[in-house]
Amino acid sequence: AHKDPTQPVPSARPGSPASPSIVDFLPDVVGAEGGAKLLLTVTGLGAGVVAAASAAAAAAHEHGAVPTACTFALGFDETLVPADRIAESVLRARTPPLPPSAHARAHAAQSLQAAVQMRVCVRFRLGGGALSASATALQTAGWSDWRVVAVAPPSMPLVYSC
């Protein structure tokens, strides 16, 4: 069983589809105030969630379909925001505002074109209790039941312009 909630979920078994992977997102630069619509393409999304479910739950979902009681969210450094699955491999969310601590670090660097890079991760939770659509921040203490299913590679940061 996959126990570490901070690491991406591995494939269910040898020969199963590859682990989920963030392959693209738009836009890749957003304003520090947040609120930009972000679209992520995540390959293997359904298979990754089913792999993390119990064997009984996974067996009940044919063809790697995501269980109906699954909620997605995106992690941005210190913040978790709700995400909607709008297609088999596409999630949509609004970017949160840049955390004050990151904003301060950018200005401390005294760069005329200050920017902060963040790695985006996809998290999910089985069962009810979705994040409120109006939620813009859930601090890391509330993440214990959210599992990481995919993390953007270091070469694909989301850039906040300050």
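Residues numbered from 1 in each chain as written. Predicted model: local features only at pLDDT ≥ 70, side-chain atom pairs only at ≥ 80, totals over all residues. Heavy atoms only, no water.

Some thoughts on the overall build of the chain
- Secondary structure assignment for the chain yields 3 helices and 10 strands.
- Going residue by residue from the N terminus, the α and β elements of the chain occur as β-β-β-α-α-β-β-β-α-β-β-β-β.
- With 162 residues in all, the chain has 36% of them scored as buried.
- By element, 55% of the accessible surface of the chain is carried by carbon and sulfur atoms, the whole surface being about 8500 Å². (Helix = DSSP H or I, 4+ residues; strand = E, 2+ residues; numbered from the N terminus. Buried < 20%, exposed > 50% of the residue type's maximum accessible area, 1.4 Å probe, protein only. Areas by Shrake-Rupley, 256 points an atom, 1.4 Å probe, with all protein chains shown as cover.)

Digging into the sheet that holds strand β1 (residues 21-26)
- Judged by pairing direction, the sheet is antiparallel, and its 7 strands sit side by side in the order β1-β3-β6-β5-β4-β8-β9 without closing on themselves. Lying at the two open borders of the sheet, with one neighbouring strand each, are β1 and β9 (147-151). For this sheet the average axis-to-axis angle between neighbouring strands, irrespective of direction, equals 35°.
- Sheet topology places β1 next to strand β3 (residues 37-43); 5 bridges connect them, and they run antiparallel. Bridge assignment links Asp 24 to a residue of β3, and that residue is Thr 41. (Pairing = 2+ DSSP bridges. Axes fitted to C-alpha atoms, helices over the stretch in contact; angles between N-to-C directions.)

Description of the pairing of strand β5 (residues 79-87)
- Two strands pair when backbone bridges link them, and strand β4 (residues 70-76) and β5 are joined in this way by 5 bridges, in the antiparallel orientation. The partner of Ala 73 across the bridge, within β5, is Pro 82.
- Where β4 folds back onto β5 in an antiparallel hairpin, the turn is made up of 2 residues, including Asp 77, whose phi is positive at roughly 55°.
- Pairing analysis gives 3 bridges linking β5 to strand β6 (residues 90-94), with the strands arranged antiparallel. Along β6, the bridge assignment pairs Ala 87 with Val 90.
- Taking the residues between adjacent antiparallel strands as the criterion, β5 and β6 are bridged by 2 residues.

Focus on the sheet that holds strand β7 (residues 115-118)
- Taken together, the 3 strands give an open sheet; going across it, the order is β2-β10-β7, and neighbouring strands pair in mixed fashion. The sheet is open, and its two borders are formed by β2 (29-31) and β7, each paired with just one other strand. On average, each strand axis in the sheet is inclined to that of its neighbour by 30°, with strand direction left out of account.
- Where β7 meets strand β10 (residues 158-161), 4 bridges bridge the pair, whose relative direction is antiparallel. The residue of β10 that forms the bridge with Gln 117 is Val 159.

Some thoughts on unusual backbone geometry
- Cis geometry marks the peptide bond from Leu 26 to Pro 27; its omega dihedral reads -10°.
- Mapped onto the elements of the fold, Pro 27 is located in the loop between β1 and β2.

Considerations on the nonpolar core
- Membership of the largest hydrophobic core comes to 30 residues, with the highest contact counts inside it found for Ile 22, Leu 40, Phe 72, Leu 74, Phe 76, Leu 91 and Val 122.
- Here the element with the most residues in this core is β4; it accounts for 4 residues.
- Dropping the residues within four chain positions of it, Leu 74 is found in contact with Leu 38, Leu 40, Thr 79, Leu 80, Val 81, Ala 83, Leu 91, Ala 93, Val 120, Cys 121 and Val 122. (Core = buried A, V, L, I, M, F, W, Y, C linked by side-chain atoms within 4.5 Å. Contact = heavy atoms within 4.5 Å.)

Digging into the pattern of salt bridges
- All told, the structure shown has 1 salt bridge when counted by the stated rule.
- Arg 92 is paired through a salt bridge with Asp 84; the nearest N and O atoms lie 3.9 Å apart.
- Taking the relative accessible area as the measure of exposure, Asp 84 reaches 43% and is therefore partly exposed. (Salt bridge = Lys/Arg side-chain N within 4 Å of Asp/Glu carboxyl O.)

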